[in-house]
Amino acid sequence: MHEKTERHTRAIHDESVATMGRRRFMDTLLGLGFGALSAAFLTAEDVRAASDDEVPVVYGLVREGEELQPRRKSVPADWYDDFRTAVAANRRLGAVETDDVASSAVEPGEYGGANAAIRVEVTSEDARGEVPEEFEQVPVEVEKVARVESGEATERGDDSTAPGSESEDSEPETVEGGIPGSVTIGSEDLYGTLAPAMRDPEDGSLYFATANHIYDGSDNGGQPLYLLDGGKTRIGTVETGYPESDLVCATPESEFEPLHEIRNGSPGRVLGQFTRVGLSDLKAEGESLEKIGVKTGHTTGKIQAVDGFTCAYGAVCKRGQLKWGSESDFTDGDSGSVNFHADPENPDAGVLVGGLNNARTWWPGENYIWGTGAYHITEKHGFTF
């Protein structure tokens, strides 16, 4: 692993954590480079449970009653330092501010293998020359991709077909008024896939959620959300659209309830979500993500990169992007589905969500599904799965 100039997180083992008060313990974690989530949820017991060459991290958040509870594990300290350095360097690099840079993201390192790297996509050889091969001791890998002309740079995961035309073979979508994710929904003009229930931890409110671009704009408040169940059943009213996260939340009609469930999932119960480091740990372990969309159905794919940032595609710049799978796993109508992985602690009980799927690539040189990480939605808007 490459050298670091800041203190290593493993220095937490040099501290007298057992005798610290909670405030001092949190300050110590923050001072060593642990994130705010770790500082909020980790305990001295978690530190003592990790070996000297490991550190504890919060890899997920799960619902227990009305509260969010952390899922913790120990990871190699050098891997974690390497990853957090790459995330910070990617943000400071600001590659997308350079002309003809399409996107920038962090490819997490492997356990006992390659370091984390910053992956930058450019649309011209001139831009390639503007991007350094290394930044703050983090390798920068540059790839040339095709330029997307003005007017073409839109999300490709929606469908212009009128809502209802895809619902002739729909299965029953409701469970005693409750509606799971991965069923067909639509706006007045476009259709997509419903996400599982989205929750506001502040008051416990549940919302229906899907991709914002299904509404083809940013001012979506008051627009209807339809369940396409052989007809058009209004199940909610859009509360707010979030273009930067390509997320829209809808308040349910009184007779319908959003479910923490993915239709046809095995298991289908949604227990919570992965954090940024949790997704990176999955990649380091060689684990895959899954999704169930209304057009391509159930597919799996490997995680490629996290914490992506792009201004090249779609109507607005997008941060917190997750790249995974391949473009053949996603097509028009799948937008709004979520990617997920079985809960590492209780794989038979349910799944944790990685993020909200928004689009596929369609230009030469790239091959992945992208979407907004659940961790970014929580950090930016407060909602959780």
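Scroll up to find the structure.
Predicted model, so just to flag it, every value in this text is computed and none were measured.

Student: Let's hear about the overall build of the chain: which residues, and what values?
Tutor: Assigned secondary structure in the chain consists of seven helices and 22 strands. Counting over 385 residues, the chain shows a buried share of 55%. Taking the contacts inside the chain whose residues are at least 6 apart along the sequence as the reference set, 62% of them involve residues at least 24 apart. Taken as a whole, the chain presents about 15,800 Å² of accessible surface, with 42% of it coming from carbon and sulfur.

Student: A description of the packing of helix 4 (residues 77-93) against helix 6 (residues 276-284) should follow, citing residues and the corresponding values.
Tutor: As a packed pair, helix 4 and helix 6 sit with axes 12 Å apart at the nearest point and diverge in direction by 120°. The angle between helix 4 and helix 6 falls in the class oblique. Between helix 4 and helix 6 lies a crossing of right-handed hand. Of helix 6, the residues touching helix 4 (which contributes Trp79, Tyr80, Phe83, Val87 and Arg91) are Arg276, Val277, Ser280, Asp281 and Ala284.

Student: How would you sum up the sheet that holds strand 8 (residues 184-186)? Please name residues and give values.
Tutor: Strand order in the open sheet made by the seven strands is 9-8-12-13-14-11-10, with antiparallel pairing throughout. Looking at which strands have only one partner, the edges of the open sheet turn out to be strand 9 (191-193) and strand 10 (198-200). The mean angle between the axes of side-by-side strands here comes to 40°, regardless of whether they run parallel or antiparallel. Here four bridges tie strand 12 (residues 224-227) to strand 13 (residues 233-242), and the two strands are oriented antiparallel to one another.

Student: Summarise the side chain of Ser245; cite the residues concerned and give the values.
Tutor: Along the polypeptide, Ser245 turns up in the loop between strand 13 and strand 14 (247-252). Relative accessible area serves as the criterion here: at 0%, Ser245 is assigned to the buried category. For Ser245, the side chain forms a polar contact with the side chain of Glu244, separated by 3.2 Å. If near-sequence neighbours (up to four positions away) are discounted, Ser245 is found in contact with Asn358, Thr372, His376 and His381.

Student: How would you sum up the environment of Pro56? Please name residues and give values.
Tutor: The topology assignment puts Pro56 in strand 1 (residues 54-64). C-alpha of Pro56 to C-alpha of Ser74: the two residues are 18 residues apart in sequence and 4.2 Å apart in space. Not counting chain neighbours up to four residues away, the residues in contact with Pro56 comprise Phe34, Leu42, Asp46, Val47, Ala50, Lys73 and Ser74.

Student: Help me get a handle on the side chain of His260, residues and values and all.
Tutor: With respect to the helices and strands, the residue His260 is situated in strand 15 (residues 257-262). Here Arg63 takes part through its side chain, which lies 3.5 Å from a polar atom of the side chain of His260.

Student: Account for helix 1 (residues 22-31), with residues named and values stated.
Tutor: Considered for burial, the residues of helix 1 that qualify are Phe25, Met26, Thr28 and Leu29. When helix 1 is viewed along its axis, its buried side chains cluster within an angular range of 160° and face the same direction. Seen from the buried face of helix 1, the exposed residues on the opposite side, beyond 90 degrees, are Arg23 and Gly31. Considering only its buried residues, helix 1 is in contact with helix 2 (36-41) and helix 3 (44-49). Gly33, located one to two residues past helix 1, shows a positive phi value of around 105°.

What counts and how
Residues numbered from 1 in each chain as written. Predicted model: local features only at pLDDT ≥ 70, side-chain atom pairs only at ≥ 80, totals over all residues. Heavy atoms only, no water. Helix = DSSP H or I, 4+ residues; strand = E, 2+ residues; numbered from the N terminus. Buried < 20%, exposed > 50% of the residue type's maximum accessible area, 1.4 Å probe, protein only. Contact = heavy atoms within 4.5 Å. Areas by Shrake-Rupley, 256 points an atom, 1.4 Å probe, with all protein chains shown as cover. Axes fitted to C-alpha atoms, helices over the stretch in contact; angles between N-to-C directions. Parallel < 35°, antiparallel > 145°, perpendicular 65-115°, else oblique. Left-handed = near helix turned anticlockwise from the far one by under 90°. Pairing = 2+ DSSP bridges. Polar contact = N/O pair within 3.5 Å; in protein donor to acceptor, adjacent residues only side chain to side chain. Arc of directions from axis to C-beta.

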